[in-house]
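As a plain string of letters, each chain reads:
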Amino acid sequence: MADQPQLQSKAKVCGSRCLSRITSTRFLKVFGVTISSALIVESLLCFTMCRIDIRSYILSFYYLVFGALSIGVEFKFEKIRQYVRILFSFVGRGFWYTFLGTIAFGGEWWAMLIAGFLIFAGVLNFMAVCANKDEADKTNDSQ
């Protein structure tokens, strides 16, 4: 019984480290670029494998454009910042990835997997607002 408080303390430290790593800007950038690239791959797959109808092709085009836009945002291209400044904040990217996840849900297993990861990326960005408060304030001040 005497080891329980010590075990709880170690669990808190481990959880805190894990949270700080998955909400770090470096991890979020790599995860965002990876999942946005997967969205682009999904669009290309759908162009070749989806049933032939205009809705599927339009959605695939959106996936391609939005995936490229997300990669540009993650690399902080200034040209993109001029037009969609909101995507350069954690909250903006949280809403953006959640939105992309909801439109990416499809009938294929890979579409559901990518949509789930996109929504997870949105949740991580929302969590990063609290975890990286100092960095978020610095970003808002520089704008």
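Residues numbered from 1 in each chain as written. Predicted model: local features only at pLDDT ≥ 70, side-chain atom pairs only at ≥ 80, totals over all residues. Heavy atoms only, no water.

**Details of the packing of helix 2 (residues 25–49) against helix 6 (residues 109–131)**
Argument step 1. Running from amino to carboxyl end, helix 2 crosses helix 6 at an angle of 155°, the nearest separation of the two axes being 10 Å. As far as their axial angle goes, helix 6 and helix 2 are roughly antiparallel. With respect to the hand of their crossing, helix 2 and helix 6 are arranged in left-handed fashion. Taken together, the residues of helix 6 that come into contact with helix 2 (itself represented by Phe-27, Leu-28, Phe-31, Ile-35, Ala-38, Leu-39, Glu-42, Leu-45 and Met-49) are Trp-110, Ala-111, Ile-114, Phe-117, Leu-118, Phe-120, Ala-121, Leu-124, Asn-125 and Ala-128.
Argument step 2. A breakdown of the residues in the contact of helix 2 with helix 6 according to their chemical character gives 17 nonpolar, one polar and one charged. (Axes fitted to C-alpha atoms, helices over the stretch in contact; angles between N-to-C directions. Helix = DSSP H or I, 4+ residues; strand = E, 2+ residues; numbered from the N terminus. Parallel < 35°, antiparallel > 145°, perpendicular 65-115°, else oblique. Left-handed = near helix turned anticlockwise from the far one by under 90°. Contact = heavy atoms within 4.5 Å. Nonpolar A, V, L, I, M, F, W, Y, C, P; charged D, E, K, R; others polar.)

**Regarding the pattern of salt bridges**
Argument step 1. Tallied over the full model, the rule gives two salt bridges.
Argument step 2. The partner of Arg-81 in a salt bridge is Glu-78, with the nearest N and O atoms 3.3 Å apart. With Arg-81 and Glu-78 both in helix 4 (residues 78–83) and three residues apart, the pair spans about one turn of that helix. (Salt bridge = Lys/Arg side-chain N within 4 Å of Asp/Glu carboxyl O.)

**A few points about the environment of Gly-67**
Argument step 1. By the secondary structure assignment, Gly-67 is in helix 3 (residues 54–74).
Argument step 2. Among residues more than four places away in sequence, those in contact with Gly-67 are Ser-36, Leu-39, Ile-40 and Tyr-62.

**Regarding the side chain of Asn-125**
Argument step 1. Looking at where Asn-125 falls in the secondary structure, it is placed in helix 6.
Argument step 2. When its relative accessible area of 1% is taken as the criterion, Asn-125 is described as buried.
Argument step 3. In this structure Asn-125 touches Leu-28, Phe-90, Arg-93, Gly-94 and Tyr-97, once residues within four positions along its chain are discounted. (Buried < 20%, exposed > 50% of the residue type's maximum accessible area, 1.4 Å probe, protein only.)

**Concerning the nonpolar core**
Argument step 1. Counting residues in each nonpolar core, the largest one holds 22 residues, and the members touching the most others are Leu-39, Trp-96, Tyr-97, Leu-100, Ala-104 and Leu-118.
Argument step 2. Broken down by secondary-structure element, the contributors of at least two residues to this core are helix 2, helix 3, helix 5 (90–104) and helix 6.
Argument step 3. The biggest single contributor to this core is helix 6, with six residues.
Argument step 4. In contact with Tyr-97, not counting residues within four places along its chain, are Gly-32, Ile-35, Ser-36, Ser-70, Glu-74, Leu-118, Ile-119, Ala-121, Gly-122 and Asn-125. (Core = buried A, V, L, I, M, F, W, Y, C linked by side-chain atoms within 4.5 Å.)

**Concerning the side chain of Thr-23**
Argument step 1. Along the chain, the position of Thr-23 falls in the loop between helix 1 (3–22) and helix 2.
Argument step 2. Discounting residues that sit within four places of it in the chain, Thr-23 has contacts with Leu-28, Leu-124, Met-127, Ala-128, Ala-131 and Asn-132.

**Concerning the packing of aromatic side chains**
Argument step 1. Tallied over the entire structure, the rule returns twelve aromatic pairs.
Argument step 2. Residues Phe-66 and Trp-96 carry aromatic rings whose centres are separated by 5.2 Å and whose planes lie at 70° to one another, so their mutual orientation is edge-to-face. Of this pair, Phe-66 sits in helix 3 while Trp-96 sits in helix 5; the two residues are 30 residues apart in sequence, bridging distant segments of the chain. The burial state of Phe-66 is the same as that of Trp-96; both residues are buried.
Argument step 3. Three or more aromatic residues joined by ring pairs make a cluster, and in this case those are Phe-61, Tyr-62, Phe-66, Trp-96 and Phe-99. (Phe/Tyr/Trp six-rings, centres within 6.5 Å; stacked < 30°, edge-to-face > 60°.)

**Remarks on the packing of helix 2 against helix 3**
Argument step 1. Their axes nearest at 8 Å, the elements helix 2 and helix 3 cross at an angle of 160°. In this view, helix 2 runs roughly antiparallel relative to helix 3, as classed from their interaxial angle. When the axes of helix 2 and helix 3 are compared, the crossing they make is left-handed.
Argument step 2. Considering only residue class, the contact of helix 2 with helix 3 consists of 13 nonpolar, eight polar and three charged.

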